[in-house]
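A look at the structure
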There are 4 protein chains.
Amino acid sequence: MSGNTLGTLFTVTSFGESHGPALGCVVDGCPPGLALAAEDLQRDLDRRRPASSRYVTQRRESDRVRILSGVVDGRTLGTPIGLLIENEDQRPRDYSKLRTLFRPGHADYSYQQKYGRRDYRGGGRASARETCTRVAAAGIARKYLAEECGIRIRGYLAQLGPLVLELKDWDAVERNVFFCGDAERVPELEAFMQALLKSGDSIGARVNVVAEQMPPGLGEPVFDRLDADIAGAMMSINAVKGVEIGAGFASVVQRGTEHRDLLTPQGFASNNAGGILGGISTGQAITVSVALKPTSSIRLPAPTVDVQGQVAEVATAGRHDPCVGIRATPIVEAMLALVLMDHLLRHRAQNMGVESGTPVIPAAAPAGSITS
Amino acid sequence: MSGNTLGTLFTVTSFGESHGPALGCVVDGCPPGLALAAEDLQRDLDRRRPASSRYVTQRRESDRVRILSGVVDGRTLGTPIGLLIENEDQRPRDYSKLRTLFRPGHADYSYQQKYGRRDYRGGGRASARETCTRVAAAGIARKYLAEECGIRIRGYLAQLGPLVLELKDWDAVERNVFFCGDAERVPELEAFMQALLKSGDSIGARVNVVAEQMPPGLGEPVFDRLDADIAGAMMSINAVKGVEIGAGFASVVQRGTEHRDLLTPQGFASNNAGGILGGISTGQAITVSVALKPTSSIRLPAPTVDVQGQVAEVATAGRHDPCVGIRATPIVEAMLALVLMDHLLRHRAQNMGVESGTPVIPAAAPAGSITS
Amino acid sequence: MSGNTLGTLFTVTSFGESHGPALGCVVDGCPPGLALAAEDLQRDLDRRRPASSRYVTQRRESDRVRILSGVVDGRTLGTPIGLLIENEDQRPRDYSKLRTLFRPGHADYSYQQKYGRRDYRGGGRASARETCTRVAAAGIARKYLAEECGIRIRGYLAQLGPLVLELKDWDAVERNVFFCGDAERVPELEAFMQALLKSGDSIGARVNVVAEQMPPGLGEPVFDRLDADIAGAMMSINAVKGVEIGAGFASVVQRGTEHRDLLTPQGFASNNAGGILGGISTGQAITVSVALKPTSSIRLPAPTVDVQGQVAEVATAGRHDPCVGIRATPIVEAMLALVLMDHLLRHRAQNMGVESGTPVIPAAAPAGSITS
Amino acid sequence: MSGNTLGTLFTVTSFGESHGPALGCVVDGCPPGLALAAEDLQRDLDRRRPASSRYVTQRRESDRVRILSGVVDGRTLGTPIGLLIENEDQRPRDYSKLRTLFRPGHADYSYQQKYGRRDYRGGGRASARETCTRVAAAGIARKYLAEECGIRIRGYLAQLGPLVLELKDWDAVERNVFFCGDAERVPELEAFMQALLKSGDSIGARVNVVAEQMPPGLGEPVFDRLDADIAGAMMSINAVKGVEIGAGFASVVQRGTEHRDLLTPQGFASNNAGGILGGISTGQAITVSVALKPTSSIRLPAPTVDVQGQVAEVATAGRHDPCVGIRATPIVEAMLALVLMDHLLRHRAQNMGVESGTPVIPAAAPAGSITS
């Protein structure tokens, strides 16, 4: 398989450069009969859209998605769903100076070494713009997961640079441009970002995502573990440098007696596992946390080399996100949805009709936990 | 694809339960002409072998690997290489009490929910014993990567519970049973483990791994990024709960001016990227860090439920690792080798003969860094 | 993998219904640096285009293909190439009567049983219209194969119903609407088709295709043999019911002494193998022959059942090919090109730099053979 | 994917050379809970076993298969099933003369060109011996298909060189060494083969296979059509040069009114489609016919070239089948079973719970037809 397809049964094959005519994808394997319209996909596209606030890139894109196939009379046919998003606000000329320069921290150099050429116009395929197709495709998965299993996938900004953010209220998340779950901290975030914008620098972030109402049994042990596929999907997002499931790196200092989640008839007593044991979902909430690096596209100049290997200086013109983490929440949710959808289909392929022979333990949350 | 195959072109398809007759795998896609004998694979198998010290499981397995196909006259043919490791010290009876109980933190419950049955004998396929085939298969990849490209892959224990361990000397790593790169800390580790053994509890760990002498250009952008495939491969190891590439979670608090690795004709000025930009290797060392949870197989009893959903108590008899992180170094190295090998083949499939048109920047290490 | 992707390294993922807004595909894995413009793909699209003669469907489609990504400054980037063909002459109303009827010999019934619904508008995804994306995608493969290896892929109509047609002259093939290699037989074909059109019936056909200037070594033994992948690709074309490689079914009555192609320093003495031995190309011309059934979309009424399982009568309105074999030549060529391209990349992934240690035997044609 | 894995969800990954220590495979994706023992696989292995009559190779192999994993307490676990067949009667010395010679019609030359080396011992991986793992693996699929859906897969020898053989009685097929369905013709076949053995030559054959009690709905339209995957699987068998589904090449001369299978409430009126429309099973019997070439391993000498490209002469010592078609029936059945099993799992992954909304048409056989 070439590198632009995600999934085994529910697959997304994407294409498109940041400043080309359009981006799009083919979503294959969707079950038939799902009610689906472009509006169902638009909501999450709007959540990740550029220019939605002054703290993100000011590129103006309506990100309207068209469904080109696979849906007739408002229902999916079971045939592949072609999705198309036209680029509207391309400005390739903004990037003409970058044609011969390698921006530090950007993919310019590695693309050039791999392919002997690259699309210098705004990062081409290495741009975060590419993620719009992921979000569009995942809208289909999210709708199916919700309607078929009741699965709910929600994320939030857990850290913006030095500012650690608690999830106090899921409803708050959608009421600010940062996807912050603590309404009282929003002014602090605004102040931080305004100072950052002034400085011309960028900052890292952490985003958490949770899938609730999970059925047990999803995931293929050994290589295609559910957590392995989640980790791969998350790390495939631009700027992600780390992934944790459940207790994550905190488990390094835990003892077995502390980490193991006790089973009781009333539910699991804790969720250090993040909802996955042996690569298979337990029915508890799946909890994932990702680290996003500070974007390398900043206007502060830096020494670098050019394509001839000579010393040069580079500063990124164009329009960019000073913190890609701000718009990352819908993308992180999308990747989790795509992986869960794929594994739901894989699971029932092999295990349709299997009787587990044991009751399902409720995904009871420990006291005081918002994410169960 | 079913879940027991790793890779796209250089593939490992594994089978085997912990207390069944044998484990094995099929390694497909190996280039022809590689000099290969069972001894080449045995060295790493011996490094991860049980009972190699008192701090790991005392199960006695020689872990002798047989090459059943794909090699004639000491050279690979290009046809699939069948590898077989017979189990010698099975004790399924040790586990008969677990037939109806779910161990907290173990895969018992999730397997039962998925398949309606499970191999209760020592974890079956969910046992860390499964990783022996990964290490055997990776021996082929490591040999090819070393001989063809000069790539060297080395790991070490970076943290044992609360004890953070520096890499002071690569040579030290192989001279103690902990894969610790600081010889002076070994007595401390021994004391820690002895106390742990006495307590009956287990502990988490962190393992770092580095691939040096990397060629630039490996990795498929967007979904099959090199870092995405590494993250997935690492998270597919039993007990791994977190993966970082380069600066990892530290990048959350970094600024762009701090994180971006400057390019100079003499080399990169730093390696926050961990050797990968835009999903493609830069030629710098690839640096990965993984978190391993404390094993759930401990002799301290815990409340749990049985297959009828009734309250019960469980304690794990059998022989187990109190810290799976101790034997994890060869496994983490193996997974990195398998991913790099697969991407080397994928890269040259598409880009054979491509001229990059730009000089390769040396992977110069920043001053004071041992891992470049 | 879902069912709408072809190939392992050079992949085509297609979407689109016959009477939906558009058809398209994503071509992934194309090497970078190939000069490519939409016109390069248009030639073959025009060769298979509807309404190109009175003997094929009269649906009016310009079949203009747009390249949406993967090409900058006239050269491929190595990133996925999005191709789009808008439908212009949809007439879904022509098909409203078919909503509740199953046409005999058509996919109506099997789609309904599989998905519980179907796109009744002109066959939806089961329409031969779907093949336009195959031809567009294959244009990329053909260009690369020609420029990189000199491979030339050509097909012709070998039989139209009872009329067996010899290949007398490759140049003749492109000078008539039937892709017939014997100019003198064209009036006979015209007369046959006019009578057929008058009768309202349809007819089967046989198409042959040849790939010349083949390098030896393409194909993966055992399951992914070159001939296996060719057979699968050909049988995936609508209406194909049989595939032969080399001597094909004629080999049933051959003796070994007759079938085996002798090797001489001057070349192979014959080509019963059709250019493939043990699943691997020998360097001789690859020769393939396919049987195409008479289309089931004919205006002569037939008894059938409706979705309630009741007896009914059906006749196909709409515009259809009375012999799909006439337009099949570019499609059959396309499928061969796609398989060869994929195997070229697969071969060099594993065997780049391998020295065969033996001279290449010329693909000398037996006396009197036009297809070597 | 490398070339030694078949299938998407129910996968077989095989290894092994004809004169190496063992052959084997990993069967992944099998549903849990299937009752399975080695004896279940042995029956078909015995049907294809060498030395089962004087008309096949006299190599003595017991072909005992061992199940190494994936089965506990007599039931499949859902984890991969490792199968192993040890070679017992290797005679690599028989082949020492072939080390530097290319046998005409054999894979010697193409392997050498691809890999720069080859296993000259009896064909290595290109030997028909490789098919024993296919038959073993398919035993699992056949058992599941039979128990879960009632699908029955049976084949027979339809032609031996010039002798066309009718299927008069399924029971007769298993009562003679030729898998001939017409008991009265067996003496004729014996006489033919005795004369052939005396001559030292070999002969081609045709084998037909039928799957009855098929559920409708299996197959993925467009590329992964059920017929496409069957064609690929059949062509992947050594010596197969042609594949037909349903009417096959006979459809070339058919008219639409003749070919289309009418639907009636009592059943389909004919089966020219061979049970597949639009790539999806209709519920009628699937009918497949394959052409097998005469084996190239014959003792009659032939001119050839050696690895230096010099003229030489070669005659095959060793033990060989004068007609590989005789033992091919269980292999052809096996390939059909593997494809159907994979598509059953794929179908239910996407379409579990889908209501077709239309009655299933019985697979009524036309009068006088034995294969419906």
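Let me begin by describing the structure that accompanies this report. (Residues numbered from 1 in each chain as written. Chains lettered and ligands numbered in written order. Predicted model: local features only at pLDDT ≥ 70, side-chain atom pairs only at ≥ 80, totals over all residues. Heavy atoms only, no water.)

Concerning the overall build of chain A
Under the convention used in this document: Think of it this way: any DSSP run of H or I at least four residues long counts as a helix, any run of E at least two long counts as a strand, and we number them from the N terminus. With C-alpha atoms as the basis for the radius of gyration, the globule rule is written as 2.2 Å multiplied by the number of residues raised to the power 0.38. Here's how the labels work: a residue is buried when its accessible area is under 20% of the maximum for its type, exposed when over 50%, partly exposed in between, all with a 1.4 Å probe on protein chains only. Contacts are residue-level and defined by heavy atoms, with any inter-residue pair within 4.5 Å sufficient. Values of accessible area rely on a 1.4 Å probe in the Shrake-Rupley scheme; residue burial ignores everything except the protein chains shown.
Of the regular secondary structure elements, chain A holds eight helices and 18 strands. In terms of overall dimensions, chain A is globule-like: its C-alpha atoms have a radius of gyration of 21 Å, near the 21 Å expected for 372 residues. Within chain A, the fraction of its 372 residues that count as buried is 72%. Restricting to contacts in chain A with at least 6 residues of sequence separation, those with at least 24 account for 71%. Carbon and sulfur atoms make up 48% of the accessible area of chain A, which amounts to about 10,700 Å² in all.

Some details on unusual backbone geometry
Residues and elements named next belong to chain D. For F179, which is not glycine, the phi torsion reads 60 degrees and is therefore positive. Considering the arrangement of structural elements, one finds F179 in the loop between α4 (170–173) and α5 (186–199). For A239, which is not glycine, the phi torsion reads 85 degrees and is therefore positive. When you line up the elements, A239 lands in the loop between α6 (226–235) and β11 (240–245).

Details of the pairing of strand β8 (residues 152–160) of chain A
All names here are of chain A. The test is simple: Pairing between strands requires that DSSP locate at least two bridges from one strand to the other.
Summarising burial for β8: eight of the nine residues are buried, a large majority. Alignment of β8 against strand β9 (residues 163–164), held across two bridges, turns out to be antiparallel. Residue pairing for β9: Q159 is matched across the bridge by V164.

Some words on the pairing of strand β16 (residues 286–292) of chain D
Residue and element names in this part refer to chain D. Within β16, seven of the seven residues are buried, which leaves it mostly tucked inside the rest of the structure. Of the two faces of β16, the one carrying I286, V288, V290 and L292 and the one carrying T287, S289 and A291 are both buried. As paired elements, strand β10 (residues 205–212) and β16 share seven bridges and run antiparallel to each other. The partner of N208 across the bridge, within β16, is S289. Where β11 meets β16, five bridges bridge the pair, whose relative direction is antiparallel. Bridge assignment links V243 to a residue of β16, and that residue is V290.

Points about the environment of A:R64
Residues and elements named next belong to chain A. Mapped onto the elements, R64 comes out in the loop between α1 (38–48) and β4 (65–67). On the basis of relative accessible area, R64 is assigned to the partly exposed category, the value being 48%. For R64 and N87, which are 23 residues apart along the polypeptide, the C-alpha to C-alpha distance reads 9.4 Å.

Notes on the sheet that holds strand β8 (residues 152–160) of chain D
With antiparallel pairing, the 10 strands of this open sheet are ordered in space as β9(C)-β8(C)-β10(C)-β16(C)-β11(C)-β11(D)-β16(D)-β10(D)-β8(D)-β9(D). Strands at the two margins of the open sheet, each flanked by one partner only, are β9 (163–164) of chain C together with β9 (163–164) of chain D.

Looking at the interface of chain D and chain C
Which entries qualify depends on this criterion: Two parts placed together each lose some accessible area under a 1.4 Å probe, and adding up what both lose gives the buried area. Salt bridges are counted wherever a side-chain nitrogen of Lys or Arg sits within 4 Å of a carboxyl oxygen of Asp or Glu. Throughout this description, a polar contact denotes any pair of N or O atoms lying within 3.5 Å of each other; where both atoms belong to protein, one of them has to be capable of donating a hydrogen while the other can accept it, and for residues adjacent in sequence the pair is counted only when both atoms sit in side chains. All amino acids are sorted into three groups, where Ala, Val, Leu, Ile, Met, Phe, Trp, Tyr, Cys and Pro are nonpolar, Asp, Glu, Lys and Arg are charged, and the leftover types, Gly among them, are polar.
On the side of chain C, 118 residues touch chain D, which itself brings 118 residues to the contact. Both sides of the chain D and chain C interface together cover about 8,900 Å² of buried area, and 61% of this is carbon and sulfur. On the chain D side of the contact with chain C, D:K114, D:F223 and D:K241 bury the most area, a combined 10% of that side's loss. At the junction of chain D and chain C, the tally comes to two salt bridges. Residue D:K114 is joined to C:E220 by a salt bridge in which the shortest nitrogen-to-oxygen separation is 3.5 Å. Remark: the boundary between chain D and chain C carries 41 residue pairs in polar contact (both at pLDDT 80 or more). At seven residues, the largest contribution of residues to the side of chain D that touches chain C is made by helix α2 (residues 108–115) of chain D. Tallied by class, residues from the side of chain D that touches chain C come to 52 nonpolar, 46 polar and 20 charged. Direction of pairing for strand β11 (residues 240–245) of chain C relative to β11(D): antiparallel, over a ladder of three bridges. By the bridge assignment for β11(D), C:G242 is matched with D:E244.

Comments concerning the environment of C:S2
Note that C:S2 resides in the segment before β1 (5–6). Taking C-alpha positions, C:S2 is 21 Å from C:D108, a pair spaced 106 residues apart along the chain. If we ignore the near neighbours within four places in the chain, the residues touching C:S2 are A:T8, A:L9, A:T11, A:D28, A:G29, D:D224 and D:R346.

All we've got here are geometric facts, nothing functional implied.
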